[in-house]
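# Fold and contact review
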Amino acid sequence: MSKFERRIYNFCAGPAMLPTPVMEKAASEFLNYRGSGMSIMEDSHRGKLFEEVLDTSLSLLRELLSVPENYEIMFLSGGASLHFSALPLNLLKDGESADFAVTGIWAKKAMEEALRFNPVKKIYDGEDHKYTESPELNDSMVNPGAAYVYITSNNTLLGTRYATIPNITKAPLIADMTSEILSRKIDVSKFGAIFAGAQKNIGPSGLSVLIIRKDLLGRSGRTIPILMDYALTAKNKSMYNTPPTYSIYMAKLVFEWLKDLGGVEKIEKINEEKAKILYDYLETTSFYNAPVKPNSRSVMNVVFTIHDKNLESKFLAGAEERGLHGLEGHRLVGGLRASIYNSMPKEGVIALVEYMKEFEKKA
């Protein structure tokens with residue numbers, strides 16, 4: 001048991017829970033970072049203390065994801081939605097198009113934002129089946145002249161993911177991996193760029209990560225707003241302006257925690273075990289329903305409903321009393337959702353299933 005008060009199991013989709021050891025480490029260093037007499041959040045972003053934090057964070061992320069040397073890694077402010085605008089501005093020349101696989105609300109928003117700048121095209125739309133599955137994309141679906149193909153690898157709202165990353169070779173594959181980055185092994189070399197908001201598996205909100213193939217930097221030739229210019233950010237090593245220093249520090253602690261745990265390969269196995277516990281139970285009952293098709297089910301975000309929608313508020317109230325927080329589905333889709341990111345221990349999933357069983361018996 002931690003020296004701190006008992007922490008609840010936080011199933012929020014984001015900002016999400018962080019590992020307790022990370023929070024304890026941050027607390028112990030909060031007022032006096034490495035004998036400096038100040039918090040790291042008070043230190044200059046040009047100071048040696050923060051410079052070490054930044055360099056270590058970038059190095060650890062490269063190691064954890066086995067990022068090749070021909071890829072740049074950078075931190076940006078603004079969250080994942082910043083890249084909905086920045087990607088077309090950086091990667092599309094005037095008049096060029098890109099292809100979008102619309103597997104959920106966030107992919108749709110990204111396409112709508114890109115359409116403000118370029119005539120991008122939709123190569124898949126899952127709206128007809130309420131986004132309950134992900135497609136098998138291949139090169140035959142890619143439009144001639146497409147500058148890139150855009151996917152959302154895991155859909156936070158709807159509980160779907162690409163079980164296998166599409167093998168696209170006709171154009172660079174760009175992925176929003178906000179809700180699953182660092183949760184499973186990926187081959188970064190299959191992508192032109194990967195971006196992610198930090199608030200699921202990396203750290204506090206307000207920070208985003210970009211991994212991009214170096215030859216794509218400056219591709220569009222456009223005049224781009226300074227803080228969206230990937231080439232400028234890379235040139236300045238994520239420090240054109242004051243970055244979100246404390247969020248980067250927290251990311252460093254999370255990366256260290258994950259490395260000590262055994263890396264992405266280890267956490268992937270743990271994540272699969274956690275998801276299996278919950279999905280296996282959902283398959284045994286008609287009281288709850290898991291709407292996503294089995295071959296597209298997310299390991300990070302498990303969505304489900306109760307057969308009687310009127311019971312949802314009672315279910316949520318009882319869960320909160322048990323210390324099971326944040327199980328309400330997104331406001332746009334309703335239902336229930338358990339986000340079981342890297343930081344969620346297996347014990348939390350077991351506690352949730354036990355509560356679900358008891359609630360079913362009493363309902």
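Conventions we followed
Residues numbered from 1 in each chain as written. Predicted model: local features only at pLDDT ≥ 70, side-chain atom pairs only at ≥ 80, totals over all residues. Heavy atoms only, no water. Pairing = 2+ DSSP bridges. Helix = DSSP H or I, 4+ residues; strand = E, 2+ residues; numbered from the N terminus. Axes fitted to C-alpha atoms, helices over the stretch in contact; angles between N-to-C directions. Contact = heavy atoms within 4.5 Å. UniProt positions renumbered as here; feature names shortened; annotations may be inferred. Expected span 1.5 Å × (residues − 1). Buried < 20%, exposed > 50% of the residue type's maximum accessible area, 1.4 Å probe, protein only. Phe/Tyr/Trp six-rings, centres within 6.5 Å; stacked < 30°, edge-to-face > 60°.

### Section: the sheet that holds strand 4 (residues 121-125)
What the seven strands build is an open sheet, ordered 2-10-9-8-5-3-4; its pairing is mixed. Of all the strands in the sheet, the pair left with one neighbour each is strand 2 (71-77) and strand 4. In this sheet, neighbouring strand axes are inclined to one another by 20° on average, regardless of whether the strands run parallel or antiparallel. Of the strand pairs in this sheet, strand 8 (residues 173-176) and strand 9 (residues 193-197) are connected by three bridges, and their pairing is parallel. By the bridge assignment for strand 9, D176 is matched with F195. Here helix 2 (residues 48-65) sits on the sheet in contact with strand 2 and strand 10 (207-213), set at roughly 125° to strand 2.

### Notes on the UniProt feature "domain: Aminotransferase class V" (unreviewed entry) in the chain
As recorded in UniProt, the sites labelled "domain: Aminotransferase class V" (unreviewed entry) are residues 8-351. Taken end to end, residues 8-351 is 32% helix and 16% strand, and its two terminal C-alpha atoms sit 11 Å from one another.

### Observations regarding unusual backbone geometry
Omega for the peptide link from G14 to P15 comes to -5°, which places this bond in the cis form. Within the secondary structure, P15 sits in the loop between strand 1 (9-10) and helix 1 (20-29). At S66, a residue that is not glycine, the phi angle is positive and equals roughly 50°. One can find S66 in the loop between helix 2 and strand 2. In this model, S238 sits at a positive phi of 65°, which is unusual for a non-glycine residue. Structurally, S238 can be placed in the loop between helix 5 (230-235) and helix 6 (245-261).

### Notes on helix 6
Helix length check: helix 6 (17 residues) gives 25 Å between terminal C-alpha atoms against 24 Å at 1.5 Å per residue, within 8%. Most of helix 6 sits inside the fold, with 13 of its 17 residues counted as buried. Just downstream of helix 6 lies G262, where phi reads positive at about 130°.

### Regarding the packing of aromatic side chains
This structure, assessed with the given rule, holds 17 aromatic pairs. With a centroid separation of 4.8 Å and 80° between ring planes, the pair formed by F287 and Y288 is classed as edge-to-face. As far as burial versus exposure is concerned, F287 and Y288 are alike and both buried. For the pair Y288 and F315, a centre-to-centre distance of 6.1 Å together with 70° between the ring planes defines the contact as edge-to-face. Remark: F315 occurs in helix 8 (residues 312-321) and Y288 occurs in strand 11 (residues 288-289); sequence separation between them is 27 residues. With a relative accessible area of 2%, Y288 lands in the buried category.

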